[in-house]
Amino acid sequence: MTERAYKFRFYPTLSQENLLRRTMGCVRLVYNKALAARTIAWYEKQTRIDYKQTSSLLTSWKKTEELDFLNEVSCVPLQQCLRHLQKAFSNFWGKRAKYPRFKKKRNGGSAEFTKSAFKYRDGKVWLAKCSEPLNIVWSRYLPQGCEPSTVTVKLEPSGRWFVSLLVDDYTVEVLPPTEQKIGLDVGVSSLLSTSDGDKIANPKHFNRLYQKLACAQKELSRKTKGSSNRERARLKVARIHAKIKDARTDFLHKLTTRLVRLYSLIAIEDLAVSNMVKNRKLARSLSDAAICQMFRQLEYKCEWYGRKLVKIDRFFPSSKRCHHCGFVMDKLPLNIRSWDCPSCKTTGIDRDINAGKNILAAGLAVIVCGADIRPDNHSVKGASAVLGVSPMSNSRRQLRKTAHSGRKQKPKS
């Protein structure tokens, strides 16, 4: 059994759009008020407010005359947004995400409905307080015998409406095993360089519509704030961004699905993309490549179809190490795309394809020997890590302690 979300576009009627917009406005208001209450409680009283306390606050808000309109929409999306806020704070305290931010109206909005707030029958979806079913464009049908557990309605900044149905899919079958294995090295000029010697070009979807987007943003900057002309210009910019996003997502889904179907083992690097984006010269190209999204798709698709995904430690010198003899170069700047090995005299080593071969070799070694192996001896940071295993294991900690203990201590002043 696998949880899968099926996303469809739908076209609401005027009454449905009015109700959904009011629902999303109430969800945004409750989320922001609860976030403000939790922030003030922490900074003023050093106390944490949990989900139960924010739920009690919501009940008291509904009783006030100022916020009486919260009773006009379904209560389920309001409770769900408080649960989402609780999860955001749990991720923040667990150092998995940044501090939660306030929701903005210009970003659209979303509302989540559980089973008590919607009805699914004969391929039609009725939401709470809606007398008519949603006019959904069924680009594909749900698996037989599967009913959605939650329904999420989303309004994009471009004005498009989408509905996402989360189901427990029993029809996902594990793909037959193959003997093909591959190592992937990501880049900017070439999106992927494989251990087989192939390179997949970066489509650069943003550059294709860059001039059109620049003109639209220039027109938007000249409109008066709050005017109807500015709203129309904003929609024009949002629609261009939607085209870029759709093209990028479609390309990545096709690419990752093809990789998962062909290869039983995929080895990649555990890159810190958030740190890489801080380089202002490469930030736009890295963001357009959507490396994190590609890795996320590979991860859950490998889990669905029974493939194995191995993540190599980000400090592993995949580009600087010769895949023939194992010699590691001291320095290899980004402007050098091919190099010659001084040890085995191999010439014309392509740094990207060489990295893909080293990543595959390290991934195979991790599977055989475990995550505590040493693929190279030149640095303490050159170890590999398996997906699901902590990158700093006990043996690695002991090795690092030993390395630090051998250094001379500075005399105390």
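Scroll up to find the structure this text is about.
Residues numbered from 1 in each chain as written. Predicted model: local features only at pLDDT ≥ 70, side-chain atom pairs only at ≥ 80, totals over all residues. Heavy atoms only, no water.

Student: Describe the pairing of strand 9 (residues 190–194), with residues and values.
Tutor: Within strand 9, five of the five residues are buried, leaving the element largely enclosed by the surrounding structure. The sheet contact formed by strand 8 (residues 181–186) and strand 9 spans three bridges and is antiparallel. When the sheet's bridge partners are listed, Asp-185 is paired in strand 9 with Ser-193. Between the end of strand 8 and the start of strand 9, which pair antiparallel, lie three residues. Of the pairings in the sheet, the one linking strand 9 to strand 10 (residues 199–201) comprises three bridges and is antiparallel in character. Each bridged residue has a counterpart across the sheet, and for Ser-190 the counterpart in strand 10 is Ala-201. Between the end of strand 9 and the start of strand 10, which pair antiparallel, lie four residues, with Gly-197 showing a positive phi angle near 95°. (Buried < 20%, exposed > 50% of the residue type's maximum accessible area, 1.4 Å probe, protein only. Helix = DSSP H or I, 4+ residues; strand = E, 2+ residues; numbered from the N terminus. Pairing = 2+ DSSP bridges.)

Student: Which residues make up the sheet that holds strand 2 (residues 109–114), and what values do they have?
Tutor: Strands sit in the order 2-6-7-1-5 across an open sheet of five strands; the sheet is antiparallel. Both outer strands of the open sheet, strand 2 and strand 5 (136–137), are each paired with one neighbouring strand and no more. Bridge analysis of strand 1 (residues 2–10) against strand 7 (residues 161–169) gives eight bridges, and the strand direction is antiparallel. Note on strand 7: the bridge partner recorded for Arg-9 is Phe-162. Contacts between helix 1 (residues 14–45) and the sheet are confined to strand 1, strand 2, strand 6 (150–155) and strand 7, with strand 2 contributing the most and set at about 95° to the helix. (Contact = heavy atoms within 4.5 Å. Axes fitted to C-alpha atoms, helices over the stretch in contact; angles between N-to-C directions.)

Student: Just give me the short version of a nonpolar patch on the surface, but keep the residues and values in it.
Tutor: A cluster of nonpolar side chains, contributed by Leu-364, Ile-367 and Val-368, occupies part of the molecular surface with about 260 Å² of accessible area. Residue position: Leu-364 is located in helix 10 (residues 351–369). Given the relative accessible area of 33%, Leu-364 is considered partly exposed. (Patch = residues over 30% accessible without salt bridge, like charges linked within 9 Å, V, L, I, M, F, W, Y side chains within 5 Å. Areas by Shrake-Rupley, 256 points an atom, 1.4 Å probe, with all protein chains shown as cover. Salt bridge = Lys/Arg side-chain N within 4 Å of Asp/Glu carboxyl O.)

Student: Would you mind going over the sheet that holds strand 12 (residues 308–312) in detail, with residue names and values included?
Tutor: Pairing is mixed across the open sheet formed by five strands, whose spatial order is 10-9-8-11-12. The open sheet terminates on both sides in strands that have one partner only, identified here as strand 10 and strand 12. Between one strand axis and the next, the sheet turns through 25° on average, direction left out of account. Pairing between strand 11 (residues 265–269) and strand 12: five bridges, direction parallel. Bridge pairing links Ile-268 to Lys-311 in strand 12. Across the face of the sheet, helix 9 (residues 291–305) comes into contact with strand 8, strand 9, strand 11 and strand 12 while running at roughly 150° to strand 11. Relative to the sheet, helix 10 contacts strand 8, strand 9, strand 10, strand 11 and strand 12, its axis offset from that of strand 8 by approximately 130°.

Student: Summarise the pattern of salt bridges; cite the residues concerned and give the values.
Tutor: A side chain of one charge can pair with a side chain of the opposite charge when the charged atoms of the two come close. Following the criterion strictly, the structure yields 15 salt bridges and no others. A salt bridge links Asp-250 to Lys-254, with the shortest nitrogen-to-oxygen separation between them at 3.2 Å. Taken together, the residues Asp-250 and Lys-254, both in helix 6 (residues 228–262) and four residues apart, mark about one turn of the helix. Relative accessible area serves as the criterion here: at 39%, Asp-250 is assigned to the partly exposed category. Between Asp-270 and Arg-314 there is a salt bridge, with its nearest N and O atoms 3.8 Å apart. Residue Asp-270 is located in the loop between strand 11 and helix 7 (273–276), and its partner Arg-314 is located in the loop between strand 12 and strand 13 (338–339); the two are separated by 44 residues in the primary sequence.

Student: Break down the environment of Pro-100 for me, citing the residues and quoting the values.
Tutor: Position of Pro-100 relative to the elements: it lies in the loop between helix 3 (75–93) and strand 2. Pro-100 sits in the buried class, given a relative accessible area of 9%. Among all residues touching Pro-100, those that are not within four sequence positions of it are Tyr-31, Leu-35, Leu-85, Ala-88, Phe-89 and Phe-92.

Student: Which residues make up the packing of helix 6 against helix 9, and what are the values?
Tutor: For the pair helix 6 and helix 9, the least separation of the axes is 9 Å and the interaxial angle reads 40°. In terms of axis orientation, helix 6 runs oblique to helix 9. As for how helix 6 packs across helix 9, the hand of that crossing is right-handed. Contacts between helix 6 and helix 9 involve Thr-249, Leu-252, His-253, Leu-255, Thr-256, Thr-257, Leu-259 and Val-260 from the first element and Gln-293, Met-294, Gln-297, Leu-298, Tyr-300, Lys-301, Cys-302 and Tyr-305 from the second. Per-class residue counts for the contact of helix 6 with helix 9 are nine nonpolar, six polar and one charged. (Parallel < 35°, antiparallel > 145°, perpendicular 65-115°, else oblique. Left-handed = near helix turned anticlockwise from the far one by under 90°. Nonpolar A, V, L, I, M, F, W, Y, C, P; charged D, E, K, R; others polar.)

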